[in-house]
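Residue strings, one per chain:
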Amino acid sequence: MAESLHYEEMDVPPELAHHIRCLWRMSGSATDASAPEPIIPDGCSEIVLNFGDAFIRYTSAGSHRQPRSLVAGQITRAIRIQPSGRVDIWGIRFQPWAAAPLLGFSGVEMRDCLTAIDDVAPSLSVELQAAADTTTTTSRYGRLVQVLTRRLARARPVDARLPRLAALIAERRDPLTVRAVARETGLGVRRVQQLFRDDVGLSPKQLHRITRFQRALALGRARQRLTWSAVASRAGYYDQAHLIHESCEIAGCTPTELLGAERPRELTEAFLDGDRKRR
């Protein structure tokens, strides 16, 4: 990644790890050459806190400034954003099953939505503003952990079988039907559908589609000598045409166009599985 943007991830304390995958920070500045970049779905919802200049989101209807503090529900297709100046963003990345129970909404209602946190969890928004009063990474991290710990104590319980269900789907090369997922775990079909609808915000098929695409991109970046046909086979696609079709549906372009751009896609690369930096 070029030096204009710096991205890092921070592990959370063990008592939060069942609900929170990590905290992350991106800092730096936009360059004159900055252009809108796609953020690829990864199967997780997030809270994003912007302490720098606004980001611009581009949609088919035009462009607009993103809220400074927002909840990003599960996305099924890439979103395109662009920094407008100084970048100082913190994120709270939830486990696939945890955002809805912790924040108190239905996962499916937030699917493909980026919403101001004031409109989703007003009380949490007030608590998170305390993090804005600190300036060091250590103090801001500590404040966020305190807020999340208090919030977790009031969260709706997560079905203990859901993490296993999500892992089962994510690790498979070939997709499982809802009936097969239910059979693997001893749950009824309706219960599986309810858990994914309300807590994950994606169907089992959608979660598998996203994690398979991330797996293909990770392979393509880590082993650049592999042909896309080989990547497709190893990631669990029928063939290269299947991978290209899925890439166009999810990312809005082919894998080659996504990863082989002449100008490095700093935002895109930061949020791809397999290229995340921990501290």
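Since the model is a prediction, treat every value here as computed from it, not as a measurement. (Residues numbered from 1 in each chain as written. Predicted model: local features only at pLDDT ≥ 70, side-chain atom pairs only at ≥ 80, totals over all residues. Heavy atoms only, no water.)

**Quick word on the overall build of the protein**
Summing up its helical and strand segments, the protein has 13 helices and ten strands in all. Computed over the C-alpha atoms, the radius of gyration of the protein is 19 Å, within 12% of the 19 Å expected from 2.2 N^0.38 for a compact globule of 279 residues. Projected onto its principal axes, the C-alpha positions of the protein cover 50 × 45 × 40 Å. Each of the 279 residues in the protein was classed as buried or not, and the buried ones make up 52%. Contacts spanning at least 24 positions in sequence make up 73% of the contacts within the protein whose residues lie at least 6 apart. Accessible surface, the protein as shown: approximately 13100 Å² in total, 48% of it carbon and sulfur. Charge-centre separation for the protein: the mean point of 39 positive side chains lies 5 Å from the mean point of 32 negative side chains. (Helix = DSSP H or I, 4+ residues; strand = E, 2+ residues; numbered from the N terminus. Rg over C-alpha atoms; globule rule 2.2 N^0.38 Å. Buried < 20%, exposed > 50% of the residue type's maximum accessible area, 1.4 Å probe, protein only. Contact = heavy atoms within 4.5 Å. Areas by Shrake-Rupley, 256 points an atom, 1.4 Å probe, with all protein chains shown as cover. Lys, Arg positive; Asp, Glu negative; His and termini not counted. Charge placed at Lys NZ, Arg CZ, Asp CG, Glu CD.)

**Points about the side chain of Ser106**
Inspection of the secondary structure puts Ser106 in the loop between helix H2 (99–103) and strand E10 (114–116). With a relative accessible area of 17%, Ser106 lands in the buried category. Setting aside residues no more than four positions away along its own chain, Ser106 makes contact with Ala100, Arg197 and Asp198.

**A look at helix H8 (residues 189–200)**
For H8, with twelve residues, the first-to-last C-alpha span of 16 Å sits near the 16 Å given by 1.5 Å per residue. Looking at H8, one finds that the buried residues are Val192, Leu195, Phe196, Asp199 and Val200. The arc that holds every buried residue of H8, seen down its axis, measures 105 degrees, which confines them to one face. Structurally, H8 contributes buried residues whose contacts are with H2, helix H6 (162–171), helix H7 (178–185) and helix H9 (204–222). One or two residues past the end of H8 sits Gly201, with phi positive at roughly 90 degrees. (Expected span 1.5 Å × (residues − 1). Arc of directions from axis to C-beta.)

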